[in-house]
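Structural description and commentary
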There are 2 protein chains.
Amino acid sequence: MKLTQNQHNYFDKEGYLFFPELFSKEEIQYLADEVPKLYELREEYNFREKGSNAVRTNFAAHLYSKPFAKLARHPRMIKPVEDLLGERLYMHQFKINGKMAFEGDVWQWHQDYGTWVNDDLMPTERAMNVAIFLDEVNEFNGPLLFIPGSHKKGVIKAKHDTATTSYPLWTLDNNLITQLVKRAGGINGGIVSPKGPAGSVIFFHGCLVHSSSINISPFNRISVYLSLCAVSNHIRRFKRKAYIAHRDFTPIKCLPDDCLVKEYKVDLPWENGVPTSAFETSLEELSD
Amino acid sequence: MKLTQNQHNYFDKEGYLFFPELFSKEEIQYLADEVPKLYELREEYNFREKGSNAVRTNFAAHLYSKPFAKLARHPRMIKPVEDLLGERLYMHQFKINGKMAFEGDVWQWHQDYGTWVNDDLMPTERAMNVAIFLDEVNEFNGPLLFIPGSHKKGVIKAKHDTATTSYPLWTLDNNLITQLVKRAGGINGGIVSPKGPAGSVIFFHGCLVHSSSINISPFNRISVYLSLCAVSNHIRRFKRKAYIAHRDFTPIKCLPDDCLVKEYKVDLPWENGVPTSAFETSLEELSD
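So, here is what we can say about the structure in this document. The residue numbering used here restarts from 1 in each chain and proceeds along that chain's sequence as written. Ligands are numbered from 1 and chains lettered from A, in the order in which they are written. Only residues with pLDDT of 70 or above have their local features reported here, since the model is predicted, and side-chain atom pairs are shown and tallied only from 80 upward, although totals for entire chains, interfaces and linings are computed over all residues. Side-chain metrics in this entry use all non-hydrogen atoms of the structure; hydrogen atoms and water are not considered.

1. Brief notes about the pattern of salt bridges
A side chain with one charge may pair with a side chain of the opposite charge, provided their charged atoms come close. Salt bridges, as used here, are contacts in which a Lys or Arg side-chain nitrogen is within 4 Å of a carboxyl oxygen on Asp or Glu. All chains considered together, the criterion is met by 32 salt bridges over all chains. One salt bridge in this structure joins Glu-49 of chain B and Arg-56 of chain B, with 3.2 Å as the shortest N-O distance. Residue exposure (1.4 Å probe, protein chains only): buried if accessible area is under 20% of the type maximum, exposed if over 50%, otherwise partly exposed. Exposure remark for Glu-49 of chain B: the relative accessible area of 5% places this residue in the buried category. According to the relative accessible area criterion, Arg-56 of chain B is buried, its value standing at 1%. Salt bridges sharing partners connect three or more residues here, namely Glu-27, Arg-76 and Asp-257 of chain A.

2. Let's talk about the pairing of strand β10 (residues 201–205) of chain A
The side chains of a regular strand alternate between both faces of the sheet. All names here are of chain A. Numbered from the N terminus, helices here are DSSP runs of H or I no shorter than four residues, and strands are runs of E no shorter than two. With five of its five residues buried, β10 lies for the most part within the structure. Residues of β10 alternate between two faces, with Val-201, Phe-203 and His-205 on one and Ile-202 and Phe-204 on the opposite face, all of them buried. Pairs of strands are assigned from DSSP output, requiring at least two bridges between the strands. Bridging between strand β6 (residues 127–133) and β10 involves five bridges; their strand directions are antiparallel. Counterpart to Val-130 in the pairing with β10 is Phe-203.

3. With respect to the relation of the copies chain A and chain B
Here the copies are matched by least squares. The fit uses the C-alpha atoms of residues with pLDDT of at least 70 in both. Under the fitted operation, chain A is carried onto chain B by 0.0 Å of movement along the axis and a turn of 180°, and the coordinates agree to an RMSD of 0.0 Å. Such a combination of turn and shift is consistent with a two-fold rotation axis. Identified as the residue of chain A closest to the rotation axis by C-alpha distance is Glu-139 of chain A, at 3.2 Å. Contact between two residues is taken to exist if any of their heavy atoms lie within 4.5 Å; hydrogens are not considered. Same-surface contact between copies: 100% of interface residues of chain A are shared with the interface of chain B.

4. Remarks on the sheet that holds strand β1 (residues 16–19) of chain B
Strands pair in a sheet through their backbones, by hydrogen bonds, and they do so in one of two ways: parallel or antiparallel. All names here are of chain B. Strands sit in the order β1-β10-β6-β12-β4-β3-β2 across an open sheet of seven strands; the sheet is antiparallel. Strand pairing shows two members of the sheet lacking a second neighbour, β1 and β2 (46–48), which therefore form its edges. Across the sheet, the axes of successive neighbouring strands diverge by a mean angle of 15°, strand direction being ignored. Across the sheet, helix α1 (residues 5–14) touches β1, β6 (127–133) and β10 (201–205), and the angle it forms with β1 is around 125°. Inter-axis angles, ranging from 0 to 180 degrees, are taken between N-to-C directions of lines fitted to C-alpha atoms, where helices are fitted over the stretch in contact.

5. Comments concerning the layout of surface pockets
Put plainly, a pocket is an open set of points on a 1 Å grid over the protein atoms alone with protein on both sides within 12 Å along at least five of seven lines, a cavity is a set where a 1.4 Å probe fits but cannot get out, and a lining residue has an atom within 4 Å of a point. Grid points are joined across faces, edges and corners, and a volume is the space filled by probe spheres set on the points. Computed from the structure, the largest pocket encloses a volume of approximately 1,200 Å³. Of all elements in the fold, only β5 (107–110) and β8 (159–161) of chain A together with β5 (107–110) and β8 (159–161) of chain B reach the threshold of two or more residues within the lining of the largest pocket. Charged residues are taken to be Asp, Glu, Lys and Arg, nonpolar residues to be Ala, Val, Leu, Ile, Met, Phe, Trp, Tyr, Cys and Pro, and polar residues to be all remaining types, Gly included. Tallied by class, the residues present in the lining of the largest pocket amount to twelve nonpolar, 16 polar and 13 charged. Its boundaries defined by the atoms lining it, the second largest pocket holds a volume of some 600 Å³. In this structure, the second largest pocket is lined by 22 residues; those nearest its centre are His-62, Leu-63, Arg-73, Asp-248 and Thr-250 of chain A. A breakdown of the residues in the lining of the second largest pocket according to their chemical character gives twelve nonpolar, four polar and six charged.

6. Some points on the nonpolar core
Here the nonpolar core consists of buried residues drawn from Ala, Val, Leu, Ile, Met, Phe, Trp, Tyr and Cys, with membership extended through side-chain atoms lying within 4.5 Å. Formed by 59 residues in total, the largest nonpolar core has its most connected members in Phe-68, Leu-71, Phe-94, Ile-96 and Leu-226 of chain A. When near neighbours in sequence (up to four residues on either side) are disregarded, Leu-226 of chain A contacts Leu-71, Ala-72, Met-77, Ile-78, Met-91, Gln-93, Phe-94, Met-128, Asn-129 and Val-130 of chain A.

7. Here's the deal with the environment of Val-231 of chain B
Residues and elements named next belong to chain B. If you trace the backbone, Val-231 turns up in the segment after β12 (223–230). Separated by 141 residues in sequence, Val-231 and Tyr-90 place their C-alpha atoms 5.7 Å apart. Not counting chain neighbours up to four residues away, the residues in contact with Val-231 comprise Glu-87, Arg-88, Leu-89, Tyr-90, Phe-249 and Pro-251.

8. Focus on the interface of chain A and chain B
Counting residues at the interface gives 26 residues for chain A and 26 residues for chain B. Here the quantity called buried area is the total loss of accessible area, with a 1.4 Å probe, experienced by two parts when brought into contact, counted for both. Taken over both partners, the interface formed by chain A and chain B buries close to 2,200 Å², and the fraction arising from carbon and sulfur atoms is 72%. Taken together, the connections running from chain A to chain B amount to two salt bridges. Between Glu-139 of chain B and Lys-195 of chain A there is a salt bridge whose closest N-O contact spans 2.5 Å. Whenever a nitrogen or oxygen atom comes within 3.5 Å of another N or O atom, the pair is scored as a polar contact, on the condition that within protein one atom can donate a hydrogen and the other can accept it, and that pairs from neighbouring residues in sequence are kept only if both atoms are in side chains. One can count five residue pairs in polar contact (both at pLDDT 80 or more) joining chain A with chain B. Of all the elements in the fold, those that place two or more residues in the side of chain A that touches chain B are α7 (174–183) and β11 (210–212) of chain A. Sorting elements by how many residues they give to the side of chain A that touches chain B places α7 of chain A first, with four residues.

Rendered as C-alpha cells:
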C-alpha cells in the first residue's frame, strides 16, 4: 500500500488521511471478538471510566493478545506510515479505546505529540497515529474531531489535566481552540469528523489537534490506536510505565496482508503477565 | 401556518416536525441580541452549568424580556401546535437553553411529559415543545437527539437524576433506550438529529424520548424552548416554582406574523422583578 502524491499532499495540508472500510468485516470480527475478554481483566493496563466499570483505554494488547499482535504488524497499518515518515517504525503506544455506549467519556482537545515530548522526551514530531474502527463510528457515539491543518502549528503549550477524566492528558486552552477552528473555516469546515463503518482507518499527524465527545448513544465505539514512531526518533526518557510508552525500539517487521484471516506465528512476550520492569519508571534522560 | 395532512401523519408517526430556517436572519438577530444581558443577571431563574459561570437554562424570559414576549405569541410558534393539539394553548414553560461553547453539559435521555406528569400533575400528554435555534446547530455543538416514534410508548418509568447536571431531570434507563433505538432502526435511523441554520424550528411531542450531548466545540448552541399545553390539560399541582412551571392558564393570543421586526405592545408582568408568589410551592392538588 503505497500512498499517491495526492495523498501525500493532502496529509501535509490537512494532517490526516481517511480510508473507509480498509479492513473487511471478517478481519474486524477477528479483532472485535477478542476485546471483551481483554476488557474483563483486572489489570493496571485497563483504565476504566471515572465511577464506572466501562474500560476507557486498554494498553499494550499487542504484547499479550494474538489478534492485536498481528494488527500491530499489519502492512495496511504500518506501510503508509513508513511511507509518510520515510523510515522504519517502532511501536510507541498501543491502545484499544472503549468509548462504550452510555459510558464513554470525553477526550478534551489535545495533541498527542504534546504528551510524547512533555512526558517521554520524544525528540521530534516524526511519529503519528493510526486509528482503526472496530465499531461503526457515527455522529452519535463520540467520533474523533480534528481541526484540519492544526498540525502546522507545531507543539502548542498545554496544561496537564488530571481531573476531568480517569486518564491524565496534556490539554489545550479554549481560546486557542476557538482561533484554530476559526482559521480552519469556523462552522464551514473548521472541525472535521471522519465517520464510517467498522474497518475504516484514519492516519493522523502527531501534532493534529483533536478531541472526542462523550458517548450518550447505545452504540459502542471501540477503536484501536497505534502510535508509530520513526526508529531514529525514539523516546529519551522512561517517565511513563512501559505498558504505556514502550521501550523496545526494534523496527516493526510486517506480516503478510492476510495475517488477520490466516494463521501466522507471533511473539507474545507478556502472554503470561506484564514483567515487573514495565512498571519501573525513571526521570533520567537516556544517553544516545 | 396550517399543517398539511402529510405533516400531521409524519408527526403522528415520528413524533416531531422540522422546519429549517422558519425564521429569518433579522428575526433571529433581534432575539439573539437580547440573550447576553439576560444570561448576565444573577437571578434564581438562571441555572448555570455545574462548576461554571455559563448559563444552562434561563426560565420565563417571555415575562420580562420584550423580544421573547413576542416570540411567545408568534403565530409560527403557536399555530402549528394549536393545529396538532386541536385546542387553544397556554405557556407551561419557557426556556432559553445555553449549551455554550466548551461548557454546555449533557441532557440525559428523557421525556418532557415525564416531568410534567410526575412533578406538575399534568393530566394527559396534550402538551408539546417547540424549539427554535438561535445559533446554527451542527453535529459538533450538542444537537438534540430523538428516538423517532418513541412517543408511542406513552409515559415511561423514569428516575429522578439530581446528580449528573445542575438541573434535576426525570431520566430513562439505558437498557430501555437501547431497546427503543433498536426498534426504531438501530444504527440505521434509530436516532435522528435535526440540524440546521439559526432560525430553524422543531416541533416535538411531549413523550418523544430525547437527549443532547455536551458541547466541546467553540460554537455556542443557544435554543429557545416553548412548552405549550392545551388549556384544558393545565397542571393540577404547583410543586415547582412558577418561573419554571407557569400557573397562568389564559389562552395565548397571537401577534401578527411580523411581530419580531415591527413594533407591537406586549405585557411584561415581571419586568420589575419576579413576584414573591412565583417562588411559593405546594404539594396540594388543585380542584378543577
